[in-house]
Amino acid sequence: MSQEKLVEIKNLKQHFQTGRHSVVKAVDGLNFDIYKGETFGLVGESGCGKSTTGRTIIRLYDATDGEVIFNGENVHGKKDRSELKKFNREMQMIFQDPYASLNPRMKVEDIIAEGMDIHGLAKNDKERKAKVQELLETVGLNKEHANRYPHEFSGGQRQRIGIARALAVDPSFVIADEPISALDVSIQAQVVNLLKKLQEEKGLTYLFIAHDLSMVKYISDRIGVMYFGKMVELAPADDLYNHPIHPYTQSLLSAIPLPDPDYERSRERFSYDPNNHDTSEEPEFREVRPGHFVLCTTKEFEQYKREHGAVEQ
Ligand SMILES: Nc1ncnc2c1ncn2[C@@H]1O[C@H](COP(=O)(O)OP(=O)(O)O)[C@@H](O)[C@H]1O
Ligand SMILES: [Mg+2]
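Just so you know, the residues in each chain are numbered from 1, in the order the chain's sequence is written. Chain letters start at A and ligand numbers start at 1, both assigned in the order the entries are written. Totals for whole chains, interfaces and linings use every residue, but because this is a predicted model, local features are given only for residues with pLDDT of at least 70 and side-chain atom pairs only at 80 or more, for both listing and counting. Only heavy atoms go into the side-chain values, all of them from the structure, while hydrogens and water stay out.

## Observations concerning the site of ligand 1
Note the following rule: It suffices for a single heavy atom of a residue to lie within 4 Å of a molecule or strand for the residue to be listed as near it. As used in this structure description, the phrase polar contact means that two N or O atoms lie within 3.5 Å; if the pair is within protein, one of them must be able to donate a hydrogen and the other to accept it, and residues adjacent in sequence are counted only when both atoms belong to side chains. The protein chains shown are the only cover counted for residues, whose accessible areas, like all others here, come from Shrake-Rupley with a 1.4 Å probe. Only runs of H or I of at least four residues qualify as helices and only runs of E of at least two qualify as strands under DSSP, and these elements are numbered from the N terminus.
With respect to spatial proximity, the complete set of residues near ligand 1 consists of Phe 16, Thr 18, Val 24, Ala 26, Glu 45, Ser 46, Gly 47, Cys 48, Gly 49, Lys 50, Ser 51 and Thr 52. In this structure, an oxygen atom belonging to ligand 1 sits 3.3 Å away from a main-chain N or O atom of Cys 48. One of the side-chain nitrogen or oxygen atoms of Lys 50 is found 2.8 Å away from an oxygen atom of ligand 1. Contact with the protein chains removes 64% of the 560 Å² of surface that ligand 1 exposes when unbound. Put simply, the parts of the chain that give the shell around ligand 1 at least two residues each are β2 (23–35) and α1 (50–57).

Here's what the structure looks like:
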């Protein structure tokens, strides 16, 4: 994996005004980088701000504060049409609900080709058709599917159509927002494997959003754990599983069911108490193990280092 940064998220905030005196701080000061060619898993309970983070990165929302740098260029701020178009092409999104995200009145061919049309990527109708057919095959469907409508497909097939639509404009960065949460368990792995295969073939970079830690482990190089708009822990995937440090991450991991029923019964479950933290100062993101960051105060940092800092050879 390269250490070259494709996306840099700096102090990103997204605050929604929900009433005259009420504000939801959906994203509240995120700082992290996504490297070229990696899968960055973003995990946290429903409502913690994952989708808002994805949508703000891709500029579906203007940021309340902070910056998103893509390939060295600021995504937010004033842009002319051609700059916006360029970002729109480079960054694509795959959505959670394959039923709601495909227009039921459009043929699959037109759904997939929509972005190609906007960006003028097909010279003529013949080329457009050929590209759509190739994309269908790339995602494991077949070319006869081009003339059908979304309702004729299963959930897993619809998600494949959503993936083909995203790939149609040749993006370099794809945000997959819980792309398998709405699918049957039996086909979740197929879609994850397809995403992995496409990443290898096309050198894609992913931000993969999920609400639990069970599936992201297999697809992610690094994982960030979000809690109420903030990132509380960020680490290489293996290190996060082997050495969860923040008590919230520990509670998330202890909630994953394990295949071994005996061990499962005897296992300790943690529940996270957000009030059980040192409050002597504002917590900061600090490196406890190599590449492994935790949101903590100085005092907690010293404790985490004593308990988790040693790196086994
Ligand atoms: N457009 C919006 N207006 C107001 N509040 C919103 C909006 N979108 C999301 N929220 C709120 O922001 C918080 C984070 O939501 P979301 O990003 O969807 O979380 P997640 O994807 O992690 O489930 C939630 O409290 C949600 O209710
Ligand atoms: Mg969401």
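## Re the packing of aromatic side chains
How we decide: The aromatic pairing rule takes the rings of Phe, Tyr and Trp, using the six-membered ring of Trp, and pairs them if the centres are within 6.5 Å, calling planes under 30 degrees apart stacked, those over 60 edge-to-face and the rest tilted. Three exposure classes are used, based on accessible area relative to the maximum for each residue type with a 1.4 Å probe and protein chains only: buried under 20%, partly exposed in between, and exposed over 50%.
Going through the model one piece at a time under the given rule, you end up with 9 aromatic pairs. Note on Phe 16 and Tyr 61: the rings are 5.6 Å apart at their centroids and 85° apart in plane angle, and the pair reads as edge-to-face. Of this pair, Phe 16 sits in strand β1 (residues 5–17) while Tyr 61 sits in the loop between α1 and β4 (65–70), and the two are 45 residues apart along the sequence. For Phe 16, a relative accessible area of 29% gives the class partly exposed. When the ring of Tyr 227 is compared with that of Tyr 248, the centres are 4.5 Å apart and the planes differ by 50°; the resulting orientation is tilted. Placement of the pair is Tyr 227 in strand β9 (residues 222–227) and Tyr 248 in helix α9 (residues 247–254), with a sequence separation of 21 residues. The pair Tyr 227 / Tyr 248 is uniform in exposure class, with both members buried.

## Details of the layout of surface pockets
Cut-off, in case you're wondering: Cavities and pockets were defined on a 1 Å grid built from protein atoms only: a cavity is a group of points that admits a 1.4 Å probe but offers it no way out, a pocket is an open group of points flanked by protein on both sides within 12 Å along at least five of seven lines, and a lining residue is one with an atom within 4 Å of any such point. Grid points are joined across faces, edges and corners, and a volume is the space filled by probe spheres set on the points.
The calculated volume of the largest pocket comes to roughly 640 Å³. Lining the largest pocket are 24 residues, with Lys 230, Val 232, Glu 282, Pro 283 and Leu 295 sitting closest to its centre. There is about 500 Å³ of room inside the second largest pocket. Lining the second largest pocket we find 19 residues, and of these Asn 88, Gln 92, Gly 115, Ile 118 and Arg 165 sit closest to its centre. For the lining of the second largest pocket, the elements supplying multiple residues, two or more each, are β6 (91–94), α3 (108–119) and α5 (155–167).

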